[in-house]
Amino acid sequence: MKISVIGCGYLGAVHAASMAQLGHDVIGVDVDKAKIEALAQGKAPFFEPGLPELLIEGVESGSLRFSTDIADARDAVIHFIAVGTPQQKSGTGADLTYVNGAVDALLPHLKAGDLVVGKSTVPVGTAERLAAIIEPTGAQLAWNPEFLREGFAVKDTIAPDRLVYGVRQTSESSGNPDESSAVALLNEVYAQAIANETPLVVTDFATAELVKVAANAFLATKISFINAMAEIAEVAGADVTELADAIGYDARIGRKFLNAGVGFGGGCLPKDIRAFTARAEELGRGESVAFLKEVDAINLRRRDRVVELVVDALGGSAYRKKVAVLGLAFKPDSDDIRDSPALDVAVRLHGLGAHVVATDPEAIANSRIRHPQLTFGSTADALEGADIVVVLTEWKEYRALKPVEQASVVQGQIVVDGRNCLDVAAWRSAGWRYIGLGRR
Ligand SMILES: NC(=O)c1ccc[n+]([C@@H]2O[C@H](COP(=O)([O-])OP(=O)(O)OC[C@H]3O[C@@H](n4cnc5c(N)ncnc54)[C@H](O)[C@@H]3O)[C@@H](O)[C@H]2O)c1
Ligand SMILES: O=c1ccn([C@@H]2O[C@H](COP(=O)(O)OP(=O)(O)O[C@H]3O[C@H](CO)[C@@H](O)[C@H](O)[C@H]3O)[C@@H](O)[C@H]2O)c(=O)[nH]1
């Protein structure tokens, strides 16, 4: 099928490359010239495992093209909207400027029979409003939320664990949205996943929009739940990792997303729970999701706690102490530093007068642009003569560090494990003072 993908960031670039990989003819459009130049040469503008290979293959075969000119999307039949919906600058709601701008720009190029497919995460009610603008062109709108995880984005796009189509409920389709042509077109786009019997939920616009924010709200709640348990474990002398293992054996609870630590960050969970709360308040149902404010508060307290643990371990002041910060990205296998707890903690320690030397396998370049005041270096640079080591992103190279080898490099054998990802026994037996979050 001829597909356009409007917005080629973390979501759109992967979506465009994956659609080409699935055999479609794809044009990716973005307003960011530098990004499009890189993509057009088959180069990934950010770190995402598996993406470079797909880009090169797609660009070389001609099935994947990129442009800054939205008019180049006119031959496509399916137009995915994958632009950002960040948190508003003044407020907690979603900023829809980019979604509105993308739809406005696309409008003159739409033709009867086209399908515009919303992928961006939006407040419930957005699709209905956009459909009123799009439908007079003879094109249709569907909302098809994306559930990919950064670090696994290619796999999650090509083989998603479920598909959700939000489509207009029409009288012609006798109230049955499954019959609509939007569904037929989307089934063609996702033919491989459909053939593999990927669970498919066909629903209305509002439900599709809500599914996305509900999923992220649930994940964020699960993480904050275990972090709240970590707070209690800390004062009770219990161990939150053993607690998580024990409750996780209950299949109704499950062990996934029960890793306590410095908390969740990234371009999705934090802003999505805030936007959901703001939208619920607009709809007069703020009390229904008021707990998400607590989820957010618990999450942010974890960052304070890590800073506090570091300062306490340094004898009450971080001033002029060398702090090795291992990890800056919001999660491993990503260079994304949006709302990263790791970067936040590094900046705060720097603000307390510590000599922070921070490292990350992929996120130094992005971190340097945002916070040039920090000192960046290799893992060896960070550890050399450090008074304390703080692990903030659980990259495999940090988990694999040998405590015995590092002991001779540092000044102080103290490690704060902000992700509860190190082997406690190994570090302690090598003479280190190990401090986890809610660990015994
Ligand atoms: N990143 C993820 O893992 C992920 C997963 C699922 C859903 N989402 C949602 O997808 C959306 C995009 O997220 P992202 O992380 O890719 O953001 P991003 O900031 O990485 O990318 C957004 C892109 O849109 C471009 N853009 C803005 N206005 C445009 C316009 N008018 N025309 C063309 N391009 C335009 C920007 O230049 C940018 O490259 C958000 O709503 C997000 O919540 C993201
Ligand atoms: O047990 C856990 C699991 C995760 N995290 C943190 O939570 C954040 C988010 O992690 P994850 O959900 O894996 O990353 P994202 O790539 O942001 O993906 C989320 O956000 C996307 C954008 O909406 C959705 O598509 C995905 O389904 C959803 O998992 C990261 O900071 C993790 O370190 C924890 O602290 N503890």
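Residues numbered from 1 in each chain as written. Chains lettered and ligands numbered in written order. Predicted model: local features only at pLDDT ≥ 70, side-chain atom pairs only at ≥ 80, totals over all residues.

Engineer: Let's hear about the site of ligand 2: which residues, and what values?
Structural biologist: Taken together, 22 residues sit near ligand 2, with E150, N259, F264, G266 and C268 positioned nearest. Counting only elements with at least two residues in the shell around ligand 2, the list comes to α9 (205–236) and α11 (269–282). Counting residues per element, the shell around ligand 2 draws most heavily on α9, which supplies 3 residues. Here the shell around ligand 2 is composed, by residue class, of 10 nonpolar, 7 polar and 5 charged. Domain assignment of the residues forming the shell around ligand 2 places at least three in each of domain 1 (2–202) and domain 2 (220–435). (Near = placed C-beta within 6 Å. Helix = DSSP H or I, 4+ residues; strand = E, 2+ residues; numbered from the N terminus. Nonpolar A, V, L, I, M, F, W, Y, C, P; charged D, E, K, R; others polar. Domains from an automatic or database assignment.)

Engineer: Describe in detail the environment of S181, supporting the description with residues and values.
Structural biologist: Tracing the chain through its elements places S181 in helix α7 (residues 181–189). Sequence-wise, S181 and V167 are 14 residues apart; in three dimensions their C-alpha atoms are separated by 9.6 Å.

Engineer: How would you summarise the UniProt feature "binding site: substrate" (unreviewed entry) in the protein chain if you had to cite specific residues and measurements?
Structural biologist: Using the residue numbers shown here, the UniProt feature "binding site: substrate" (unreviewed entry) corresponds to F147, L148, R149, E150, K212, F257, L258, N259, A260, G261, G265 and K331. With a sequence span of 185 residues, these residues are also far apart in the fold, their greatest C-alpha distance being 24.5 Å. With residues up to four places along the chain from it excluded, the contact list for F147 reads D156, P160 and A215. Within the fold, L258 resides in the loop between α10 (240–248) and α11. Residue classification places L258 among the buried positions, given that 20 C-beta atoms sit within 10 Å. In this structure L258 touches K222, I226, A244 and G248, once residues within four positions along its chain are discounted. (UniProt positions renumbered as here; feature names shortened; annotations may be inferred. Contact = placed C-beta atoms within 7 Å. Buried ≥ 20, exposed ≤ 12 C-beta atoms within 10 Å, placed from the backbone.)

Engineer: Please give an account of the site of ligand 1 that cites residues and values.
Structural biologist: Looking at ligand 1, there are 27 residues lining it, with G7, G9, L11, S120 and T121 nearest. Grouping the amino acids of the shell around ligand 1 by side-chain chemistry returns 13 nonpolar, 9 polar and 5 charged.

Engineer: Tell me about the domain arrangement of the protein chain, and please be specific about residues and values.
Structural biologist: For the protein chain, the domain assignment lists domain 1 (2–202) and domain 2 (220–435). For domain 1 versus domain 2, the distance between C-alpha centres works out to 33 Å. Across the boundary between the two partners, domain 1 contributes 15 residues, which contact 16 residues of domain 2. Among the residues making up the side of domain 1 that touches domain 2, the classes are represented as 8 nonpolar, 6 polar and 1 charged.

Engineer: Give me the lowdown on helix α4 (residues 97–106), citing residues and values where you can.
Structural biologist: Taken residue by residue, α4 has V99, A102, V103 and L106 as its buried positions. Along the axis of α4, the buried positions cluster into a sector of 95°, meaning they face one direction only. (Arc of directions from axis to C-beta.)

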